[in-house]
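Geometric and topological summary
For reference, the chains in residue letters:
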Amino acid sequence: MARHFTFVAALWAVFPPIGYVLVLNFTPFPVAAAKEAKAIDGAFTLLTLLSVPVFAFVCAVLAYSLVRWHLKGDPDSDGPALRGHKPPIVTWFTVTSAPTIAVIIHPGITGLREVRAHDNMPVDLLVQVEGRRFFWNVIYPEQGVKSRKELVLPIGVVTRFEVTAYDVLHSFWIPAFRIKVDAVPGMYTAIVATPDEFGTFAQDPNFRLQCAELCGAGHATMRLPVRVVSQEEFDTWIAEQSPAKLTR
Ligand SMILES: [Cu+2]
């Protein structure tokens with residue numbers, strides 16, 4: 001048994017460096033253009049880094065087993081069952097449970113608290129969002145403005161999105177902000193984002209409000225360009241819009 005573990009441990013020592021080189025050099029994330037996006041990307045990065053040694057261990061056991069217990073033809077019986085509280089089982093359970101509980105606390109609970117910090121607090125800007133098959137209406141109730149062409153947001157402003165749907169389930173998702181919330185007929189859901197990088201849909205398609213819940217034939221095209229601008233540009237844009245009759 002000890003000999004098998006030595007071989008597996010030797011293989012295990014080889015794989016994680018390869019994994020870390022891949023993880024640290026190939027970042028999968030698009031632009032993170034909101035404060036909340038950084039917290040979410042940080043959580044993803046931490047979980048990926050933690051999963052490298054676990055995945056490497058599984059690969060090492062698999063690779064060693066394939067070579068060591070390779071069998072030609074069909075096996076004539078099942079292997080012996082693993083029963084009881086043998087040290088390898090207890091060790092495996094302890095070693096894998098500890099980091100699982102740790103990540104539930106951080107970045108799980110702590111990160112959620114950070115992302116949802118403004119849930120019950122006043123915000124700087126309110127935007128009401130209505131999903132319909134297959135377009136989005138955005139309403140700025142305090143400014144008396146409605147838009148179906150684009151979602152314009154001032155940089156650095158804590159913005160609450162109050163989201164609903166008029167026909168079927170939709171989902172409010174801005175990839176560049178990493179925020180997503182269901183749009184449900186007959187109810188209002190809310191999510192807060194603080195844009196902290198300028199950007200437009202034309203420059204980067206991650207600046208878009210995209211439906212993320214399959215809602216029918218036009219689902220994939222149910223998107224609205226997002227534009228993050230300075231406060232002055234935002235004020236100018238608001239002034240240029242014709243006042244809307246707000247129904248909500
Ligand atoms: Cu949809």
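Residues numbered from 1 in each chain as written. Predicted model: local features only at pLDDT ≥ 70, side-chain atom pairs only at ≥ 80, totals over all residues. Heavy atoms only, no water.

Re the domain arrangement of the chain
For the chain, the assigned domains are domain 1 (2-70 + 84-115) and domain 2 (125-240). On a C-alpha basis, the centres of domain 1 and domain 2 stand 35 Å from each other. Contact residues are listed per partner, giving twelve residues for domain 1 and 13 residues for domain 2. Taken together, the two surfaces of domain 1 and domain 2 that pack against each other cover about 1,000 Å², and 50% of this comes from carbon and sulfur. Among the residues domain 1 hides against domain 2, the three largest losses belong to Val31, Ala33 and Glu36. Together they make up 47% of the total. Our count for the domain 1 to domain 2 interface comes out at three salt bridges. The closest approach of N and O atoms between Arg178 and Asp41, which form a salt bridge, is 2.8 Å. The interface formed by domain 1 and domain 2 contains ten residue pairs in polar contact (both at pLDDT 80 or more). Partitioned by chemical class, the residues of the side of domain 1 that touches domain 2 number eight nonpolar, no polar and four charged. (Domains from an automatic or database assignment. Contact = heavy atoms within 4.5 Å. Buried area = accessible area lost by both parts, 1.4 Å probe. Salt bridge = Lys/Arg side-chain N within 4 Å of Asp/Glu carboxyl O. Polar contact = N/O pair within 3.5 Å; in protein donor to acceptor, adjacent residues only side chain to side chain. Nonpolar A, V, L, I, M, F, W, Y, C, P; charged D, E, K, R; others polar.)

Examining the environment of Ile155
Positionally, Ile155 belongs in the loop between β4 (151-154) and β5 (159-165). Sequence-distant contacts of Ile155, that is, excluding residues within four places in its chain, are made with Pro195, Asp196, Glu197, Phe198, Val228, Val229 and Ser230. (Helix = DSSP H or I, 4+ residues; strand = E, 2+ residues; numbered from the N terminus.)

A few points about the sheet that holds strand β2 (residues 135-140)
Reading across the sheet, the five strands line up as β3-β2-β1-β5-β8 and stay open at both edges, with mixed pairing between neighbours. Both edges of this open sheet fall to β3 (145-147) and β8 (189-193), since each of them pairs with a single strand only. Strand after strand, the sheet turns through a mean of 25° between neighbouring axes, direction not considered. Pairing of β2 with β3 involves three bridges; the strand directions are antiparallel. By the bridge assignment, Tyr140 is partnered in β3 with Val145. (Pairing = 2+ DSSP bridges. Axes fitted to C-alpha atoms, helices over the stretch in contact; angles between N-to-C directions.)

Quick word on helix α1 (residues 2-25)
The end-to-end C-alpha distance of α1, which contains 24 residues, comes to 36 Å, matching closely the 34 Å that a straight helix rising 1.5 Å per residue would cover. Taken together, the buried positions of α1 are His4, Val8, Pro16 and Gly19. Elements in contact with the buried residues of α1: α2 (35-68). (Expected span 1.5 Å × (residues − 1). Buried < 20%, exposed > 50% of the residue type's maximum accessible area, 1.4 Å probe, protein only.)

Details of the coordination of the copper ion
Every protein donor of the copper ion is accounted for by Cys211 (SG), Glu213 (O), Cys215 (SG) and His219 (ND1), and the metal-donor separations fall at 2.0 to 2.5 Å. Viewed at the metal, the four donor atoms of the copper ion are separated by angles of 87 to 127°, and the geometry they form is tetrahedral. For the copper ion, the donor residues sit on a single chain with the sequence spacing C-x1-E-x1-C-x3-H. Across the pair, exposure class does not vary: Cys211 and His219 are buried alike. (Donors = N, O, S within 2.8 Å, 3.2 Å for Na, K, Ca; no water. Tetrahedral: all angles 85-135°; square planar, octahedral: opposite > 155°, others 65-115°.)

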